[in-house]
Amino acid sequence: MVDILESPPEFKKLRLPEEGEKVTVKDGKLVVSDEPIIVYIEGDGIGPQIVSQARAVMDAAIEKAYGGKRRIVWWEAYAGEKAMELYGELLPEDTVLAIRYTVLALKGPLTTPVGTGFRSLNVALRKKLDLYANIRPVQYFGQPAPHCHADKVDFVIFRENTEDLYAGIEWTYDSPEAEKLRKFLREELGVEIRSDAGIGIKPISIFGTKRLMRKAMRYAIENKRSPVTIMHKGNIMKYTEGAFRNWAYEVATEEFREYVVTEQELWEQYNGEMPEGKILVNDRIADNMLQQIITRPWDYDIIVAPNVNGDYISDEANALVGGIGMAAGMNAGDYMALAEPVHGTAPKYAGKDVANPTAEILSGCLLLEYMGWKEASALIKDAIRKAIAEKKVTQDLARHMPGVQPLKASEYTQVLIDHIKSA
Ligand code: NAP
């Protein structure tokens, strides 16, 4: 676990804002003042455009919701190209320390060149801050969507962010490490692996699973959401994904007993009638689940999944409601949270004022909700719904709406701000 910094560390180049207060934690809960300092990282490509548009929309919503009593004191930290210019490195320690101090951050996408040496900065940031839960809400705002029941799609996916086959513990087939492992498996465990097989390791732990499930359960309780569905392929991968299922149920039934009815209990004790105010906890096998969110999206709400399944299902779920320009996300640890859109830097749109800022704005909504500023988030979501209903959209949506002239991203942002102001 990475600790939150209680007092300001020594920064190389950053200067703490003179106004505002840091977010703190008391008795296991976030304490957010009326003027919290929040870090933002513009990122690369379309990042600077969409982050500044997201901040403008968030500021307008906060002003409207709280009549000037609350505001965010934004504090810029650097990663990617801008950090390279300022620090000569892509992810300066200043940035990591700034987030550990302020606890909350909004980030734009960062470039990861294909086929060159450096690792994804996004992955590095998540690791350095131990942001173990990737939270992805998937909601429909009226945008053009391929699914005939897109309006029934409303999920929040909690994807484990640190373990599983994505932990990066793997060796190419012809490496000495793979050879050593094959030898160990053959001689010590009697398992034969082909000599031309690459090898990856799939760790899934009690610790990693339980902390994710706790986060999902707390979210479900706070937001009155049900069911919480554990997605796994435990029928085949019994001691990793099967264990994930069992440990997740343990959290639900041992730590959140008064809130929970499991699917088994539903039928054994309640004759299939869900008791008022309780959260149903069930589980589904991954391949079935990937079908069911298409055939019966209304049956699902909170989805808790290991890393790889979580990756697949969140992209599939976003596709149901029309894709990437609207897909928001947040990476969270026990308290720290870094909100960022699912999409990347879309380099061909950089600097052209055409990229859809909605995913970044909705990531900002996640941050606002996490802070408890739900009224501001609701204003933003209403404004997005209204703009789409009026067909005032950016080119990525307009191209699926016959006869609709696209707005520039800045014009679309202004439409949202106007709706917020007149709400
Ligand atoms: P991408 O940047 O997400 O862009 C792929 C396509 O998605 C774009 O060409 C565009 O589609 C559409 N798109 C993405 N964002 C959009 C927006 N806001 N508005 C409208 N359309 C949008 O994916 P990529 O080209 O694979 O990756 C580019 C770079 O981003 C890579 O360096 C990658 O590593 C990085 N990346 C970073 C993050 C992150 O920071 N978390 C995440 C993913 C990727 P059309 O061409 O159809 O218009």
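Here, every reference points to the structure presented above.
Residues numbered from 1 in each chain as written. Predicted model: local features only at pLDDT ≥ 70, side-chain atom pairs only at ≥ 80, totals over all residues. Heavy atoms only, no water.

Explain the nonpolar core residue by residue, including any values.
For soluble globular proteins, nonpolar side chains are generally found buried alongside one another. If you look at the biggest cluster of nonpolar residues, it comprises 105 residues, and the most contacted ones within it are Met 213, Val 281, Ile 380 and Ile 384. For this core, the leading source of residues is helix H1 (residues 47-66), giving eight residues. For Ile 380, the contacting residues outside a window of four places in its chain are Val 57, Met 58, Ala 61, Ile 361, Cys 365, Leu 368 and Ile 420. (Core = buried A, V, L, I, M, F, W, Y, C linked by side-chain atoms within 4.5 Å. Buried < 20%, exposed > 50% of the residue type's maximum accessible area, 1.4 Å probe, protein only. Helix = DSSP H or I, 4+ residues; strand = E, 2+ residues; numbered from the N terminus. Contact = heavy atoms within 4.5 Å.)

Tell me about the environment of Val 404, residues and numbers included.
Structurally, the position occupied by Val 404 is in the loop between helix H13 (395-398) and helix H14 (409-421). For the pair formed by Val 404 and Lys 391, sequence separation is 13 residues and the distance between their alpha carbons is 6.8 Å. When residues no more than four places from it in sequence are discounted, the contact partners of Val 404 are Lys 391, Val 393 and Ala 398.

For the sheet that holds strand S12 (residues 279-285), give the residues involved together with the corresponding values.
One open sheet accounts for eleven strands, arranged S4-S3-S5-S15-S14-S6-S7-S13-S10-S12-S11; its pairing is mixed. Edge positions in the open sheet fall to strand S4 (73-76) and strand S11 (260-262), since each of these has one partner strand only. Taking each pair of neighbouring strands and ignoring which way they run, the sheet shows an average axis angle of 25°. In this sheet, strand S15 (residues 337-339) lies alongside strand S14 (residues 330-332) in antiparallel orientation, the contact comprising three bridges. Along S15, the bridge assignment pairs Met 330 with Ala 339. Strands in contact with helix H9 (residues 286-295) are strand S7 (154-160), strand S10 (228-232), S12 and strand S13 (302-305); relative to S12, the strand with the most contacts, it is inclined by about 115°. Contacting strand S3 (37-41), strand S5 (104-107), strand S6 (133-139), S14 and S15, helix H11 (residues 358-371) crosses the sheet at an angle of about 170° to S5. (Pairing = 2+ DSSP bridges. Axes fitted to C-alpha atoms, helices over the stretch in contact; angles between N-to-C directions.)

Account for helix H3 (residues 93-102), with residues named and values stated.
Taken across its ten residues, H3 has nine buried, putting it largely inside the fold. Buried residues of H3: Asp 94, Thr 95, Val 96, Leu 97, Ala 98, Ile 99, Arg 100, Tyr 101 and Thr 102, and no others. As for H3, its buried residues are in contact with S3, S4, helix H2 (81-87), S5, helix H4 (121-128) and S15. Phi turns positive, to about 80°, at Val 103, one or two residues after H3.

Just give me the short version of the side chain of Asn 134, but keep the residues and values in it.
The residue Asn 134 is located in strand S6 in this model. Not counting residues within four places of it along the chain, the set of residues in contact with Asn 134 comprises Ile 157, Phe 158, Arg 159, Asn 161, Met 330 and Asn 331.

Account for the pairing of S12, with residues named and values stated.
Summarising burial for S12: six of the seven residues are buried, a large majority. Pairing analysis gives five bridges linking S10 to S12, with the strands arranged parallel. Residue pairing across strands places Met 231 opposite Arg 284, the latter belonging to S12. Bridge count between S11 and S12: three bridges; the pairing is parallel. Residue pairing in the sheet places Val 261 in a bridge with Leu 280 of S12.

Could you give me a rundown of unusual backbone geometry, with the residues and numbers involved?
Backbone geometry follows two general trends: most residues other than glycine have a negative phi, and most peptide bonds adopt the trans configuration. A cis amide bond links Ser 226 with the next residue in sequence, Pro 227, at an omega value of 0°. Mapped onto the fold, Pro 227 is located in the loop between helix H6 (206-222) and S10. A positive phi is found at Lys 391, a non-glycine position, where the angle reads about 60°. If you trace the backbone, Lys 391 turns up in the loop between helix H12 (374-389) and H13.

Lay out a nonpolar patch on the surface with the relevant residues and their values.
Side chains of Leu 165, Tyr 166 and Tyr 312 sit close together on the surface and give an oily, nonpolar patch of about 310 Å² of accessible area. Locating Tyr 166 in the fold gives a position in the loop between S7 and strand S8 (170-171). (Patch = residues over 30% accessible without salt bridge, like charges linked within 9 Å, V, L, I, M, F, W, Y side chains within 5 Å. Areas by Shrake-Rupley, 256 points an atom, 1.4 Å probe, with all protein chains shown as cover. Salt bridge = Lys/Arg side-chain N within 4 Å of Asp/Glu carboxyl O.)

Outline the site of the ligand, listing residues and values.
Taken together, 21 residues surround the ligand, and among them Leu 110, Gly 344, Ala 346, Lys 348 and Tyr 349 come closest. Between an oxygen atom of the ligand and a main-chain N or O atom of Gly 344, the distance comes to 2.7 Å. Burial of the ligand by the surrounding chains reaches 70%, relative to a free accessible area of 880 Å². Taken together, the residues of the shell around the ligand break down into nine nonpolar, seven polar and five charged. (Near = heavy atom within 4 Å. Polar contact = N/O pair within 3.5 Å; in protein donor to acceptor, adjacent residues only side chain to side chain. Nonpolar A, V, L, I, M, F, W, Y, C, P; charged D, E, K, R; others polar.)

Got a sec to walk through the pattern of salt bridges? Specific residues and values, please.
Counted under the stated rule, the structure contains 29 salt bridges. When the shortest N-O distance is used, the salt bridge between Glu 35 and Arg 71 registers 3.3 Å. Here Glu 35 is found in the loop between strand S2 (29-31) and S3, whereas its partner Arg 71 is found in the loop between H1 and S4, with 36 residues between them in sequence. Residue Glu 35 is classed as partly exposed on the basis of its relative accessible area of 30%. On the accessibility criterion, Arg 71 (32% relative accessible area) is partly exposed. Arg 126 serves as the salt-bridge partner of Glu 340, at 3.2 Å between the closest nitrogen and oxygen. Of the two residues, Glu 340 sits in the loop between S15 and H11 while Arg 126 sits in helix H4, which places them 214 residues apart along the sequence.

Report on the packing of aromatic side chains, specifying residues and quantitative values.
Tallying each qualifying case throughout the model produces five aromatic pairs. The interplanar angle of 85° and the centroid separation of 5.4 Å between the aromatic rings of Phe 11 and Trp 75 together place this pair among those described as edge-to-face. Taken as a pair, Phe 11 in the segment before strand S1 (24-26) and Trp 75 in strand S4 lie far apart in primary sequence, 64 residues in all. For the pair shown, Phe 11 and Trp 75 are each scored as buried. Ring geometry for Tyr 78 versus Tyr 87: centroids 6.5 Å apart, planes at 50°, classification tilted. (Phe/Tyr/Trp six-rings, centres within 6.5 Å; stacked < 30°, edge-to-face > 60°.)

Residues and numbers for the packing of H9 against helix H10 (residues 307-320), please.
The contact between H9 and H10 brings their axes to 10 Å, and the two run at 15°. The angle between the axes of H9 and H10 places the two elements in the roughly parallel class. Of the two elements, H9 crosses H10, and the hand of that crossing is right-handed. Every residue of H10 that contacts H9 at Ala 286, Met 289, Leu 290, Ile 293 and Ile 294 is listed here: Asn 309, Tyr 312, Ile 313, Glu 316, Ala 317 and Leu 320. (Parallel < 35°, antiparallel > 145°, perpendicular 65-115°, else oblique. Left-handed = near helix turned anticlockwise from the far one by under 90°.)

The values are spatial; any link to function lies outside them.
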